[in-house]
Amino acid sequence: MQFDQVTQYFDKIEQASSRLVMTQYLSELFDKVPASDTKEIIYLIQGRIAPQFEGKEIGFGEKLIMEGISKATGFAREEVEEMFNKTGDLGNTAEEYMKKRKQQSLATEELTIKKVFYNLKKMSESTGIGSQELKKKLLAELFNSASPTEARYIARIPLGNIRLGVGDPTIMDAYAMIITKHEQDTLALEKKKAKSKKEEKRIEDEQRKLKVGIREKIEAAYNIHSDLGEIAEILKKDGTSGLDKIKITPGTPIRPTAAERLPTAKEIIEKLGTCAVESKYDGFRLQVSKDGDKVKIFSRQSEDITQMFPEIIEAMKTQLVAKKCIVEGEALAFNETTQEYYPFQVTIQRKRKYEIEKKSKEYPLNLFLFDVMYCDGENYMEKPFFERRKKLESIIKDGGIIKLSEQKIISDPKELEQFFEEKIAQGLEGVMAKDLNASYIAGARKFAWIKMKRSYKGMLDDTLDLVIIGYYSGKGKRTEFGLGALLAAVYNHKKDTFESVAKIGTGMSEETLAELEGILSKITVKIKPARVISELIPEHWVQPHYVIETRADEITKSPMHSCGKEKDTNGYALRFPRMIKLLSDKKVEQATTTEEVINMYNIQKRVAMDNTEEK
Ligand code: ATP
């Protein structure tokens, strides 16, 4: 398929005023793309050249792109740079220069999706001597043949910054829309002919069920096989029945499950009955898969981070008796001298690309495994947790850095309270209660896991992971950083939108302000992104891309913010929000959800009532 047809849609998607309109354009585009180009188009929209877990990054430097623009248009590099400094967007810069280009190369050809994709892929794979020249040549080929609009995207994609604002859930919705289109059209006709309100309602219900059913099937496949390109290709070729072929495979990450929260031991036991209660370790989560001698380690974002942890690769080979398995756990740096675990700030230093050996000696890790999803040909995800735990216990050999998470079976709230206090005294974050009969619910936050932290017992002390949707330029001293405050949102996972919840002006050092301005100015957009819901209008909108950990004193009801706001009701907002840090291991769709904020608000209310009763 011609790239030109694709960029016409990209243009519409970029301008879309709402998520629904965006999904409609996306589904029209996907409908037109042939199966042979489907994988490529999905990766390009995700701003990638391969699924995330393959670890092939597309990010090139701005310099290279500027040189490419200069070569293809005949304008001096300095001129290109000057305009880039003014617009802050190399895509727009490329487009403008392409419109007034001084020279037209003879070697032009019509660009196809394949040509664009494979040139970018070759560019990202080329290393060593001569690679810089090869990259320039491959990029020049694309720019020489590009129209101004095509040039805008050719410049943006290799920077890892396509700015379409399309997320994985939007892609899945667009496919559900295509697959159900025929039936939906028939139902729409029926609805028009409906003789009563009741019949209309029945048809509407059927329409909704139809879409939800297909969407759930697509998501279930994605949950165990995080390659949306491949899933889309299967859908295109064989429809939803093709998804039955997708099986759990070591080496392909499963989307992680997440925990709900409850404030008291009593509420946890009321919800779960007898349950398994584990220490909640404060390190980072790893999903590790083993296939014979091949070990792969994935982050919570399903990125391949295998190379960062040589000692875990070794331990998986010696301590895990299963030939093939997928297990999950929390890694923590351990201080041999004091026999204590390091705090999170130290552990996180192990997530690095350089000086891996040195740091692994300085801060060796322990990995506490808490789940198994697959073992020697058998899918364990569907099995109840107590069976998974038994399996996990049977496949770990003692005596190394891989350990089992500490666990106790508890049915009495008092005992749970005591276990919790013990863990807090040991310097842990809290406890994690687990439903003994629940399956592993990939990609979702459900009451199969419930976390209880010290913080829930007082005022709001748990942190929230918010998505930056805009920013305000600084006033006074802050002007020099170009950033004074952030507009941040939670994720509404039911609507796949980002709803404003806080304006954050504090918690950021001068260094952070400058760093944030640097990265945010690269993703600004002129109009409010289609998936963003906010009545507050920042000076600069940005594509939802970065997640920040935020602390606040309280959650309050507010007419200003869109989080959880319905027609006639107030939304929710954070009181005295302050930024703690930028989170690099969370996707925007893994941020705190609207539902979680409402739950936290209710917990806060219950705790406040309990406190008054106690007094
Ligand atoms: P938090 O900031 O509380 O960790 P989160 O939103 O980052 O929350 P959640 O999924 O809500 O993540 O909390 C579960 C996290 O706790 C897991 O991602 C995992 O990294 C960590 N964890 C620590 N110990 C355990 C354990 N024993 N079982 C499961 N998860 C654990």
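Residues numbered from 1 in each chain as written. Predicted model: local features only at pLDDT ≥ 70, side-chain atom pairs only at ≥ 80, totals over all residues. Heavy atoms only, no water.

Draft legend 1. Quick peek at the confidence of the model for the protein chain. Mean pLDDT over the protein chain: 88, with 95% of residues reaching 70 or higher. The least confident element of the protein chain, judged by mean pLDDT, is helix 21 (residues 594-614) at 76; the most confident is helix 18 (residues 385-395) at 97. (pLDDT = per-residue confidence, 0-100. Helix = DSSP H or I, 4+ residues; strand = E, 2+ residues; numbered from the N terminus.)

Draft legend 2. Inspection of the nonpolar core at higher detail. Membership of the largest hydrophobic core comes to 78 residues, with the highest contact counts inside it found for F30, I45 and F143. Filtering out sequence-adjacent residues up to four positions away, F30 remains in contact with I41, I42, I45, I171, A174, Y175, I178 and K236. Counting residues in each nonpolar core, the second largest holds 30 residues, with L320, C325, L365 and L369 among its members. (Core = buried A, V, L, I, M, F, W, Y, C linked by side-chain atoms within 4.5 Å. Buried < 20%, exposed > 50% of the residue type's maximum accessible area, 1.4 Å probe, protein only. Contact = heavy atoms within 4.5 Å.)

Draft legend 3. Up close: helix 18. Restricting attention to buried positions, one finds in helix 18 the residues F385, R388, R389, L392 and I395. Each buried residue of helix 18 lies within a common arc of 130 degrees when the element is viewed along its axis, so the set occupies one face. (Arc of directions from axis to C-beta.)

Draft legend 4. Molecular detail of the packing of aromatic side chains. Counted by the stated rule, this structure contains 14 aromatic pairs. Aromatic pair F10 and Y153: ring centres 5.1 Å apart, planes at 70 degrees, arrangement edge-to-face. One end of the pair, F10, is in helix 1 (residues 3-15); the other, Y153, is in helix 9 (residues 148-156), and 143 residues separate them in sequence. Classification of F10 as buried rests on a relative accessible area of 0%. Ring geometry for F117 and Y118: centres 5.0 Å apart, planes at 80 degrees, overall edge-to-face. An aromatic cluster is defined as three or more aromatic residues linked by ring pairs; in this entry it consists of Y281, F334, Y341 and F368. Here the basic side chain of K12 rests over the ring of Y9, its NZ or CZ set 4.8 Å away from the ring centre. The lysine or arginine in question, K271, covers the ring of F447, its NZ or CZ lying 4.2 Å from the ring centre. (Phe/Tyr/Trp six-rings, centres within 6.5 Å; stacked < 30°, edge-to-face > 60°. Lys NZ or Arg CZ within 6 Å of the ring centre and 35° of its normal.)

Draft legend 5. Up close: the packing of helix 1 against helix 2 (residues 19-32). Two numbers describe how helix 1 lies on helix 2: the axes approach to 9 Å, and their chain directions differ by 170 degrees. For the element pair helix 1 / helix 2, the angle class is roughly antiparallel. Touching V6, Y9, F10, K12 and I13 of helix 1 are M22, Y25, L26, E28, L29 and K32, all from helix 2. (Axes fitted to C-alpha atoms, helices over the stretch in contact; angles between N-to-C directions. Parallel < 35°, antiparallel > 145°, perpendicular 65-115°, else oblique.)

Draft legend 6. A look at helix 2. Its 14 residues place the ends of helix 2 20 Å apart at the C-alpha level, agreeing with the 20 Å of an ideal helix rising 1.5 Å per residue. For helix 2, the complete set of buried residues consists of R19, M22, T23, L26, S27, L29 and F30. Projected down its long axis, helix 2 shows its buried positions confined to an angular sector of 160 degrees, all on one face. Of the surrounding secondary structure, the elements contacted by the buried residues of helix 2 are helix 1, helix 3 (35-45), helix 10 (168-179), helix 13 (228-238) and strand 15 (497-504). (Expected span 1.5 Å × (residues − 1).)

Draft legend 7. Structural context of the sheet that holds strand 10 (residues 407-410). Read across the open sheet, the 5 strands follow the order 1-12-11-2-10; overall the sheet is mixed. In this open sheet, the two strands that pair with only one neighbour each are strand 1 (258-261) and strand 10. Here the average twist between neighbouring strands, direction ignored, is 35 degrees. For strand 2 (residues 275-280) and strand 10, the ladder comprises 4 bridges, and the chain directions are antiparallel. Bridged to E278 within strand 10 is Q407. Relative to the sheet, helix 14 (residues 265-272) contacts strand 2, strand 10, strand 11 (430-434) and strand 12 (445-453), its axis offset from that of strand 12 by approximately 160 degrees. On the sheet, helix 18 packs against strand 2, strand 10 and strand 11 and is oriented at approximately 55 degrees with respect to strand 2. (Pairing = 2+ DSSP bridges.)

Draft legend 8. Here's a closer look at the domain arrangement of the protein chain. You can read the domains of the protein chain as domain 1 (3-18 + 35-159), domain 2 (168-245), domain 3 (258-453) and domain 4 (464-614). Computed over C-alpha atoms, the centres of domain 1 and domain 3 are 42 Å apart. (Domains from an automatic or database assignment.)

Draft legend 9. Structural detail: the site of the ligand. Taken together, 17 residues form the shell around the ligand, and within it R285, E330, K434, K451 and K453 come nearest. S279 is positioned such that a nitrogen or oxygen atom in its backbone is 3.0 Å from a nitrogen atom of the ligand. Breaking the shell around the ligand down by element, the ones donating at least two residues are strand 1, strand 2, strand 11 and strand 12. With 4 residues, strand 12 is the single largest residue contributor to the shell around the ligand. (Near = heavy atom within 4 Å. Polar contact = N/O pair within 3.5 Å; in protein donor to acceptor, adjacent residues only side chain to side chain.)

Draft legend 10. Spotlight on the packing of helix 12 (residues 197-224) against helix 13. For the pair helix 12 and helix 13, interaxial distance at closest approach is 10 Å and the crossing angle is 140 degrees. Classified by the interaxial angle, the pair formed by helix 12 and helix 13 is oblique. With respect to the hand of their crossing, helix 12 and helix 13 are arranged in right-handed fashion. Contacts from I218, A221 and Y222 in helix 12 reach L228, I231 and L235 in helix 13. Along the lines of polarity and charge, the residues of the contact of helix 12 with helix 13 split into 6 nonpolar, no polar and no charged. (Left-handed = near helix turned anticlockwise from the far one by under 90°. Nonpolar A, V, L, I, M, F, W, Y, C, P; charged D, E, K, R; others polar.)

Draft legend 11. A look at the state of the cysteines. Per the stated rule, a full pass over the model turns up 0 disulfides. Counting only cysteine sulfurs, C375 is the nearest neighbor of C325, a cysteine outside any disulfide, at a range of 5.8 Å. For C325, a relative accessible area of 0% corresponds to the buried category. (Disulfide = S-S within 2.5 Å.)

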